[in-house]
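Spelled out, the chains give:
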Amino acid sequence: MRKKRPRDYIFTDTIEMEEYCRAHFEDYHSDTNFSCNVTQLSAGTLRTSTICAPIKDVHLEIFKTNQTLLYEEEANTRSVAFCWIDKKKGQSHDVSTIISGHKMQLHSIAGFNRINKTGGNIWDVVGANENLCCMSLKWEKLQARIHRLNAFNAYAKLEECIGIDSDSHASKQLKKLFNDHFSNQPVKNLSSSFYDLAIACLEDADDNSSFGTARCESIELIEDLVKLIHEDRSGLPPITLSEITEYLDSQKESLNLICKSTFKMGVIELVKRIRLEQARKAYSSPHMPKGLKIFTRQRIAHYYGFKNWSNFERLYYYSFKENPLQTIERVSKSVVGIKSLWGGE
C-alpha cells in the first residue's frame with residue numbers, strides 16, 4: 001500500500017488551524033459536519049506546526065505548539081482517537097497536556113472515549129512545546145475487528161475509560177510503528193497493523209503497568225462550562241458568569257477549584273482568555289471587509305464583555321503581542337485560504 005507523503009503545515013492564527021482541522025476531518029469523513037474551537041491560553045506570539053501523513057482508514061498526525069492551547073471539538077461516532085506525547089531526549093516526566101480529561105504522562109494513551117459523547121463537546125489542553133502524536137481510527141472498522149477478535153476487554157476500555165497509562169509491549173509497538181511511518185520505514189499491511197496494535201493496547205487490561213481513568217463529574221462540568229462560554233446567542237451578549245453558574249447548578253467557588261486544577265487559572269481568567277480569542281477571531285475573519293473591522297473594532301471588544309477600550313488593547317497586546325489594528329492589517333495582507341494550506345489552487 002502506498003502511503004501519502006507527509007505534509008508540513010505552520011500556523012500563526014487559530015482560524016487557520018480550525019480551517020485545517022475541518023478540512024482534514026471532512027476528507028476523512030466526507031459526509032460529516034465537523035466544528036472545532038481553538039483558544040490560546042498562554043501569552044505570546046502563536047506558532048504551531050503539524051505533520052500529517054494519513055493512510056487508508058487511518059489519520060496520523062504530529063502536532064506541536066509554542067503556546068498552551070485549548071482545543072474543542074464536537075464528539076462523533078465515526079472515529080476513535082488515540083493520542084500520546086512523544087518523549088524527547090532529556091524531557092522530564094512533567095507533561096501539561098490533557099486529552100479528554102486524562103492528565104497525560106509520558107506513557108499515556110488517551111482520547112478514545114469520544115464516541116460516547118455524542119452531542120457533547122470534547123476538550124483538550126495541548127501543552128506548549130510538547131509533541132502530540134494523534135492517530136484516528138474509523139470506529140466502524142475498529143468495532144468489526146474487535147468483534148472478530150473477541151476483544152471484550154478492549155471494548156470495555158472504549159466504553160469506560162478516558163485514557164490509559166501503560167508501558168505494555170503493545171503500546172510500545174504502536175508508538176514504534178507510528179514513528180517508523182513518519183520516518184518512511186517500509187511497513188507491510190500498515191493500516192491493519194495500526195488497528196491490531198490499538199486493540200492490543202486496550203486488551204492489556206491485566207497488565208500491572210496499565211490502568212485507566214474513568215469519566216467524572218468535574219470533567220463533565222468543564223466540558224459544559226467551556227461550551228457555554230463559546231455559545232453564540234444569536235446577537236445577544238455572551239453568557240455571564242452568574243448565568244453560567246445558574247445553568248450548571250454549581251457554585252462559583254467549585255467552578256474556580258475545578259478550573260484551577262485543570263487550567264491553572266480561575267474561571268474568570270478562563271472566560272477572559274476565551275473571550276479575547278473570540279474577539280481576535282472576529283478581527284481575523286476573512287468574511288468581513290477590512291474597513292468594517294477597523295470601524296467596529298471597539299464595538300467588537302464591547303460585545304465580548306470588554307467595556308474599557310484602553311484596558312482591552314493592553315490585555316490584547318499582552319496576550320497576542322500585537323494590537324487589534326495590527327491583527328486586522330496582518331490578516332488582510334496574508335489571509336491563507338484552505339486551498340493554499342492543502343497545496344492546491
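Above this text you will find the structure in question.
Residue indices follow the written sequence of each chain, beginning from 1 at its first position. The model is predicted, so local features are restricted to residues of pLDDT at least 70 and side-chain atom pairs to those at 80 or more, both for listing and for counting; the totals for chains, interfaces and linings are taken over all residues. Each side-chain value is derived from all of the structure's non-hydrogen atoms; neither hydrogens nor water enter the calculation.

Asks: What is the right way to look at the overall build of the protein in this model?
Replies: Secondary structure summary: the protein contains 14 helices and 13 strands in total. Of all 345 residues assigned to the protein, the portion counted as buried reaches 52%. Any two residues having at least one pair of non-hydrogen atoms within 4.5 Å are treated as being in contact. Contacts spanning at least 24 positions in sequence make up 76% of the contacts within the protein whose residues lie at least 6 apart. Note on areas: Shrake-Rupley, 1.4 Å probe, and residue coverage restricted to the protein chains presented here. Surface exposure of the protein reaches about 16800 Å², of which carbon and sulfur atoms provide 50%. Helix and strand labels come from DSSP, where a helix needs a run of H or I of at least four residues and a strand needs a run of E of at least two; each type is numbered from the N terminus. Partly exposed residues are those whose accessible area sits between 20% and 50% of the maximum for their type, while under 20% is buried and over 50% is exposed, using a 1.4 Å probe and protein chains only.

Asks: Even after reading the chapter, I still don't get the pairing of strand E4 (residues 58-65), so can you show me in this structure?
Replies: On a regular strand, one side chain projects to one face of the sheet and the next to the other, so that they alternate. The element E4 is largely enclosed, with a buried count of 7 among its 8 residues. Note on pairing: DSSP must find at least two bridges between two strands before they are called paired. Of the pairings in the sheet, the one linking strand E3 (residues 48-52) to E4 comprises 5 bridges and is antiparallel in character. Looking at E4, one finds that Cys 52 is bridged to Glu 61. Taken together, E3 and the strand that follows it, E4, pair antiparallel across an intervening segment of 5 residues, in which Asp 57 is found at a positive phi of about 70°. Note: E4 against strand E11 (residues 132-138), 6 bridges, orientation antiparallel. Of the residues in E11, the one forming a bridge with Glu 61 is Cys 134.

Asks: Before we go on, may I ask you to explain the side chain of Asp 57 in this structure?
Replies: You can see Asp 57 is positioned in the loop between E3 and E4. By relative accessible area, Asp 57 is classed as buried at 17%. With residues up to four places along the chain from it excluded, the contact list for Asp 57 reads Tyr 28, Ser 136, Leu 137, Lys 138, Lys 141, Ser 191 and Tyr 195.

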